[in-house]
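One letter stands for each residue in the lines below.
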Amino acid sequence: RGTPACTSARISAMAAQPAAKAQKTSSEDTPGGGADPGLPVVHLLDYGAGNVRSVRNAIRALGYAIHDVESESDIAAAAVLVFPGVGSFGSAVEVLEARGWVEPLRAYCRAGRPFFGVCLGMQLLFESSEETPGAEGLGVIPGSVTHFRTAAGAEAAEATHDGNLQLTVPHIGWNGVAFGSDKAGSYVLDGVDGSSKVYFVHSFRVLQTPANADWTLTTTSYGGSEYVSSVQKGNVVAAQFHPEKSGATGLRVLGNFLGKHLGPGAASLPAVPAGAPTPAGGASVTLLAKRVIAALDVRSNDAGDLVVTKGDQYDVREAADGDGDKGAVRNLGKPVTLAQRYFEEGADEIVFLNITSFRQGVLDDAPMLKVLEKASENIFVPLTVGGGIRDYTDAAGRTWSALEVAARYFRAGADKVSIGSDAVYAAEKFRESGQKTGETSIEQIFHVYGRQAVVVSIDPQRVYVEKPDDAAAAAAGYTVVKAPVPNADGKQYCWYQATVKGGREARDIDAVQLAQACEELGAGELMINCINADGQGSGFELGLIQAVMDAVTIPVIASSGAGAPEHFTTAFNATPVQAALAAGMFHRKEVTIAEVKGHMAAAGVPVRG
């Protein structure tokens, strides 16, 4: 794909700055950029793209110090080199070439020195990638990185014996790894049970071939085929999954590697719960788990403190008192405390939605950034954050791009960013002109960080009509479905009108049209809310979810309406949705995450334990 001017400027800026500063914005942002006295030292190659904070936190949690690679000599001096590649293949190659690090990295790996690559850090070991034709990888491992084939949906469903599978790309979520008997004794996987799942988020993968077979450590199934999910030859190791986001299992894998080459860290390796025997023979089919996500709506209360709140059809205030004064913002707890609780209870992802009304922009909202930084220190599952991701001009007259805003969120610990109102405006312009500009918030972030980093949150409301072939809806291209409940006039059908500004303003575009446009612009995942269902506890809006999934090929998260474990199970059995989200029922401890997963498992829905 092409690289727009905004992306080239961003890459140039990343390449020009010292490596250790690419991710830092303050001394608090990356404490331990130099080595802590007395601790074994890990050299970290941070070229300035994406959430590297989580890798830093994982290394520190295991009891190691970090030295940031700033020069070719740092690469040569490294006892252990960790490369958490994030973003697009081409962007990473450009930055590495601009800094003169391609040849030193290639020489380091070809010499068999201790190296651990993560996600893109694994893909760059290969010769090339379909993501960026013409860009050359390090060429340490023969072969090319290719895109998942979404057209294989029906074949994939048959091959995996899952009639409810809809192949979506990116491949996002918790999947298993299978390894052959010749690799089963690898020190990297010591203590890791074969039933364990690890976290993936990627659109491109490497298929196993005779040329790379001696490198293949594990394979993972998705889309009706097995791809290479980790590699090892001697001291060179890399994983397509994210160990820093894979809970105890991921920390164990990373800790095994570091311990082998640096000795034990200051912290004990986490134990991985026992499960089924480790698969052997390399032919085992792994299964993608359905994700249970905990969401935290965060905003300032009237005293200026950040609290977790929950709306009733998007109204987050208690009922007004008798004097007519507005009610207080519902306070359901402190953001970091609740997020930590959900991680410990088994949430597969955590979403922070900053619903503060931004008068300026997210870069002025230091408390929310601190919440992310603090939460990411001890939470080793994916974190998504939304709120205020758009271009804006601050009080001093400086204009900030949506890309810069997202970059600050990533540096604070976010793995994905969620875009709301700005995505609606972008979709409207795209539908009107039929042209991509490369300047919308979705496109800016997509081109630098990849599709998997962009979530679009869609907030529609029902518009009731008399019949499924309503003429006005058809003329506008709206998708009409049967409503879960009739309206006061007895109408049983509706289409879903997109809104902006927290549901306060309706737009002339429906949820399906919006979803399709956002996918085309570069969104990698959709969070489907419904204003009518919000806070009602009567279940997800299944007709809306199915309509959107029929229209796109990217993953979808069901949101709004959950009030009981069976609502999750129903959503997963009735639609191909990959994830479902709840907030209030978890905050109030009406239902636990374990109860939700237990109900799902009993019904045969794959879960992460």
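Below or above, wherever it landed, is the structure these notes cover.

**What about the overall build of the protein?**
Line of reasoning, step 1. A count of helical and extended segments in the protein gives 19 helices and 27 strands.
Line of reasoning, step 2. Burial analysis of the protein (609 residues in total) assigns 59% to the buried set.
Line of reasoning, step 3. Here the protein displays about 22200 Å² of accessible surface, and carbon together with sulfur accounts for 50% of that area.

**Comments concerning the environment of Thr-479**
Line of reasoning, step 1. Relative to the assigned elements, Thr-479 resides in the loop between α14 (471-476) and β22 (481-482).
Line of reasoning, step 2. C-alpha separation for the pair Thr-479 and Tyr-496, spaced 17 residues apart in sequence, amounts to 7.7 Å.
Line of reasoning, step 3. If we skip the residues at most four places from it in the chain, Thr-479 touches Cys-494, Trp-495, Asp-510, Val-512 and Ala-547.

**Details of the environment of Ser-186**
Line of reasoning, step 1. Tracing the backbone through its elements, the reader meets Ser-186 in the loop between β7 (171-176) and β8 (197-202).
Line of reasoning, step 2. A C-alpha to C-alpha distance of 8.3 Å links Ser-186 and Leu-217, two positions 31 residues apart in sequence.
Line of reasoning, step 3. When sequence neighbours within four positions are dropped, the list of residues in contact with Ser-186 reads Leu-217 and Gln-232.

**Digging into the pairing of strand β27 (residues 579-582)**
Line of reasoning, step 1. Here β27 shows no split at all, with Ala-579 and Leu-581 on one side and Ala-580 and Ala-582 on the other all buried.
Line of reasoning, step 2. Pairing analysis gives two bridges linking strand β26 (residues 556-558) to β27, with the strands arranged parallel. For Ala-558, the partnering residue across the bridge sits in β27 and is Ala-580.

**Looking at the packing of aromatic side chains**
Line of reasoning, step 1. In total, this model carries 13 aromatic pairs according to the counting rule given.
Line of reasoning, step 2. An angle of 85 degrees between the planes, with centres 5.4 Å apart, marks the rings of Phe-148 and Tyr-222 as edge-to-face. Of this pair, Phe-148 sits in the loop between β6 (144-147) and α7 (153-159) while Tyr-222 sits in strand β10 (residues 216-222), and the two are 74 residues apart along the sequence.
Line of reasoning, step 3. Take Phe-148: its relative accessible area is 4%, and that puts it in the buried class.

**Describing the side chain of Ser-129**
Line of reasoning, step 1. Mapping Ser-129 onto the fold places it in strand β5 (residues 128-129).
Line of reasoning, step 2. Judged by its relative accessible area of 4%, Ser-129 is buried.
Line of reasoning, step 3. Within polar-contact distance, the side chain of Ser-129 engages the backbone nitrogen of Glu-131 at 3.0 Å.
Line of reasoning, step 4. Residues within four places of Ser-129 in sequence aside, it is in contact with Phe-89, Ser-144, Val-145 and Phe-204.

**Topic: unusual backbone geometry**
Line of reasoning, step 1. For the bond running from Val-169 to Pro-170, omega is 15 degrees, close enough to zero to count as cis.
Line of reasoning, step 2. The backbone of Cys-119 shows a phi angle near 55 degrees, a positive value even though the residue is not glycine.
Line of reasoning, step 3. The class for Cys-119 is buried, based on a relative accessible area of 9%.
Line of reasoning, step 4. Although it is not a glycine, Lys-589 sits at a positive phi angle of roughly 60 degrees.
Line of reasoning, step 5. Topologically, Lys-589 is positioned in the loop between α18 (584-587) and α19 (593-602).
Line of reasoning, step 6. When its relative accessible area of 60% is taken as the criterion, Lys-589 is described as exposed.

**Structural notes on the nonpolar core**
Line of reasoning, step 1. In terms of nonpolar packing, the biggest core is built from 136 residues, with Ile-350, Phe-352, Ile-445, Leu-526, Phe-568 and Phe-586 touching the most fellow members.
Line of reasoning, step 2. Leaving out residues up to four positions away in the same chain, Ile-350 has contacts with Ala-294, Leu-296, Ala-339, Tyr-342, Phe-343, Ile-379, Val-381, Pro-382, Leu-383 and Thr-384.
Line of reasoning, step 3. Of all hydrophobic cores here, the second largest spans 35 residues; its members include Ala-92, Val-93, Ala-135 and Trp-215.

**Quick word on the sheet that holds strand β11 (residues 225-233)**
Line of reasoning, step 1. Strand order in the open sheet formed by seven strands is β2-β1-β3-β4-β12-β11-β10, with mixed pairing between adjacent strands. Whereas interior strands pair on both sides, the edge strands pair on one side only; in this sheet they are β2 (65-68) and β10. Within the sheet, the average angular offset between the axes of one strand and its neighbour, ignoring direction, is 25 degrees.
Line of reasoning, step 2. Note: strand β1 (residues 41-44) against β2, four bridges, orientation parallel. Following the sheet pairing, Val-41 is matched in β2 by Ala-65.
Line of reasoning, step 3. Running at roughly 140 degrees to β2, helix α2 (residues 53-61) makes contact with β1, β2 and β3 (81-85) of the sheet.

**Observations regarding the environment of Ser-268**
Line of reasoning, step 1. By secondary structure assignment, the location of Ser-268 is in the loop between α8 (247-262) and β13 (291-300).
Line of reasoning, step 2. For the pair formed by Ser-268 and Arg-252, sequence separation is 16 residues and the distance between their alpha carbons is 9.6 Å.

**Brief notes about α2**
Line of reasoning, step 1. Among the nine residues of α2, seven are classified as buried, and the element is accordingly described as predominantly covered.
Line of reasoning, step 2. Along α2, the positions that sit buried rather than exposed are Arg-53, Ser-54, Val-55, Arg-56, Asn-57, Ala-58 and Ile-59.
Line of reasoning, step 3. Just downstream of α2, Gly-63 is the residue with a positive phi angle, here 95 degrees.

**Examining the pairing of β7**
Line of reasoning, step 1. Of all six residues that make up β7, six are buried, and the element is covered over most of its length.
Line of reasoning, step 2. By the bridge criterion, six bridges tie β7 to β8 in an arrangement that is antiparallel. Bridge assignment links Trp-174 to a residue of β8, and that residue is Tyr-199.

Cut-offs and rules
Chains are numbered independently. Their residues run from 1 in the order of the written sequence. Local features in this predicted model are restricted to residues whose pLDDT is 70 or higher, and side-chain atom pairs enter the listing and the counts only when it is 80 or higher, whereas totals over whole chains, interfaces and linings include all residues. Each side-chain value is derived from all of the structure's non-hydrogen atoms; neither hydrogens nor water enter the calculation. The helix and strand labels rest on DSSP assignments: H or I over at least four residues marks a helix, E over at least two residues marks a strand, and numbering proceeds from the N terminus. Exposure categories follow from relative accessible area, calculated using a 1.4 Å probe and restricted to protein chains: below 20% of the type maximum is buried, above 50% is exposed, and the middle band is partly exposed. In short, Shrake-Rupley with a 1.4 Å probe defines the accessible areas, and a residue's cover is counted only from the protein chains shown. Between two residues, a contact is recorded if the distance between any of their heavy atoms is within 4.5 Å. DSSP bridges decide pairing: two strands pair if at least two such bridges lie between them. For Phe, Tyr and Trp, rings pair up if their centres lie within 6.5 Å, where Trp contributes its six-membered ring, and each pair is then called stacked (planes under 30 degrees apart), edge-to-face (over 60) or tilted (otherwise). Pairing of N or O atoms within 3.5 Å defines a polar contact, subject to two protein rules: one partner must be a possible hydrogen donor and the other a possible acceptor, and residues neighboring in sequence count only if both atoms are side-chain atoms. By nonpolar core is meant a set of buried Ala, Val, Leu, Ile, Met, Phe, Trp, Tyr and Cys residues that side-chain atoms within 4.5 Å join together. To obtain an axis, a line is fitted to C-alpha atoms, over the contacting stretch when the element is a helix, and the angle between two such axes runs from 0 to 180 degrees between their N-to-C directions.

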